[in-house]
Amino acid sequence: MDPRRLLTFRAVVRAGSISAGARALGWTQPAVSQQLAALEREAGTPLLVRGPTGVVPTEAGAAVLRHADAVDAALRSAREELDDLVGLGAGTVRMAAFPSAGAVVVPALAARLRDRAPGVQLRVEEAEPPEAAALVRSNAVHLALAFRYPNQPAEPDLRWRPLGADPVRLVLPAGHPDVADLAQLADEAWVAGCERCRAHFVATCAGAGFAPDIRHVTDDYVAVQALVARGLAVSLLPRMALCAAAVDGVRAQAHPALGARTVGVLHRAGVERVPAVAAAIGALAGLVQRTSGAREEGSEPAPRRPGRGDAVSP
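Residues numbered from 1 in each chain as written. Predicted model: local features only at pLDDT ≥ 70, side-chain atom pairs only at ≥ 80, totals over all residues. Heavy atoms only, no water.

## Re the overall build of the protein
Note the threshold: Secondary structure elements are taken from DSSP: a helix is a run of H or I of four residues or more, a strand is a run of E of two residues or more, and numbering for both begins at the N terminus. Only protein chains enter the accessibility calculation, which uses a 1.4 Å probe. A residue is then buried if its area is under 20% of the maximum for its type, exposed if over 50%, and partly exposed in between. Two residues form a contact once any of their heavy atoms are found within 4.5 Å.
The number of helices and strands found in the protein is 11 helices and 11 strands. Per-residue burial over the protein gives 49% buried out of 314 residues. Across the protein, the fraction of contacts at a sequence separation of at least 24, relative to all contacts at a separation of at least 6, is 76%.

## Section: the environment of Leu65
Relative to the elements of secondary structure, Leu65 occurs in helix α4 (residues 59–86). C-alpha of Leu65 to C-alpha of Leu6: the two residues are 59 residues apart in sequence and 7.7 Å apart in space. In this view, Leu65 contacts Phe9, Arg10, Val13 and Arg14; residues no more than four positions away in its chain are not counted.

## Observations concerning the confidence of the model for the protein
The test is simple: Values of pLDDT, which run from 0 to 100, indicate the predictor's confidence residue by residue.
Residues with a pLDDT of 70 or more make up 89% of the protein, whose mean pLDDT is 87. When the criterion is pLDDT under 50, residues 294–314 qualifies, and its contacts beyond four places in sequence or with other chains add up to 66 contacts.

## Points about the pairing of strand β5 (residues 143–148)
Side-chain direction in a regular strand flips from residue to residue, so the side chains alternate between the two faces of the sheet. Cut-off, in case you're wondering: By this definition, two strands are paired if DSSP reports at least two bridges between them.
Within β5, six of the six residues are buried, which leaves the element mostly enclosed by the surrounding structure. The pairing of strand β3 (residues 91–97) with β5 spans three bridges and is classified as parallel. By the bridge assignment for β5, Ala97 is matched with Leu145. Where β5 lies against strand β11 (residues 260–267), six bridges are found, and the strand directions are antiparallel. Each bridged residue has a counterpart across the sheet, and for Ala144 the counterpart in β11 is Leu266.

## Overview of the packing of aromatic side chains
Quick reminder of the rule: Two rings belonging to Phe, Tyr or Trp (six-membered ring only in the last case) form a pair when the distance between their centres is within 6.5 Å. Interplanar angles under 30 degrees mark stacking, angles over 60 mark edge-to-face geometry, and anything in between is tilted. Definition used: whenever NZ (Lys) or CZ (Arg) falls within 6 Å of the ring centre and also within 35 degrees of the ring normal, the charge is taken to sit over that ring.
Scanning the entire structure with this criterion turns up four aromatic pairs. Between Phe147 and Tyr149, the aromatic rings sit 5.9 Å apart at their centres with planes inclined by 80 degrees, giving edge-to-face as the arrangement. Here Tyr149 falls in the buried class, since its relative accessible area comes to 4%. Ring plane angle 45 degrees and centroid distance 5.0 Å describe the contact between Trp190 and Phe201, whose orientation is recorded as tilted. Within this pair, whereas Trp190 is found in strand β7 (residues 189–192), its partner Phe201 is found in helix α7 (residues 195–207), the two being separated by 11 residues in sequence. In this structure, Trp190 and Phe201 share a single accessibility class: buried. These aromatic residues form a ring-pair network of at least three members: Phe98, Phe147 and Tyr149. Just above the ring of Trp160 sits the side chain of Arg148; from NZ or CZ to the centre is 4.1 Å.

## With respect to helix α10 (residues 275–284)
Here is the rule: Comment: arc refers to directions from the helix axis out to C-beta atoms.
The set of residues buried in α10 consists of Ala276, Val277, Ala280, Ile281, Ala283 and Leu284. Seen along its axis, α10 keeps its buried residues to an arc of 165 degrees; they face one direction. Following α10 by one or two positions, Gly286 adopts a phi angle in the positive range, close to 80 degrees.

## Things to note about the pairing of strand β1 (residues 48–51)
Relative to strand β2 (residues 54–57), β1 is paired through four bridges, and the arrangement is antiparallel. Its bridge partner lying in β2, Arg50 is registered against Val55. Counting the residues that bridge the hairpin from β1 to β2 gives two residues.

This is how it looks when you write it as structure tokens:
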């Protein structure tokens, strides 16, 4: 297949319509339509369903789109690798990061790149792991800081580089006694977080022999702690979320039943050969453990941060 037609097809699907794809490419709509018709002749089957509100790929079109994404990724990597070589290590790294990593790991990464690879420019956008993986697949970003709990499925089409463990903590009101058995909290009201964290939380409670009474659901880890501080609920939060922002009147307790999530970086195969991206991946080494706090909180209060900023999700 003609790679130019594949990239034209990709632009149209990503834009949602032929006219929007033409605008994104800077072409006329008839020129784009001709490219699409030629690609469908090559494929021997329709690739798009056209309607009054735009276009959607057929099953065959979805398969072609995956290959078009791979072509786009390869061409971008080639261009960026050449730019880096010509620019002696200069380049831009686009990254997605889940919110607490954006508050804790990303600033440390940006500072380390500034010191070690000043020609590398880091651009970051916030996204939870499923959305971040989609951004990597569509080549909108090079890297995604993500997390994975035990027994959660991997992304088989992407490379996963573990960076460190982020232990989960009980979040209790400041005066609450130590909890030896999670079943002691069976009658408590709970506040739960994002879908992945909530699945781990429910499974952990099931392992302790009870179903939690989830009174509140929020991705905002400051709101979680505010509810706990007022004695309205108890919760679980990863240590990184507690390091990103903490609320007075809350204490964090380690417990062996809670386990940890793994924080890592997702990327397409081959993108690590781009020098600027390789510099960012290398700079991430050790940052998860260092920035999320080497000290185990145990039954001590959660660490305080002077600036809490805007509320974001764990």
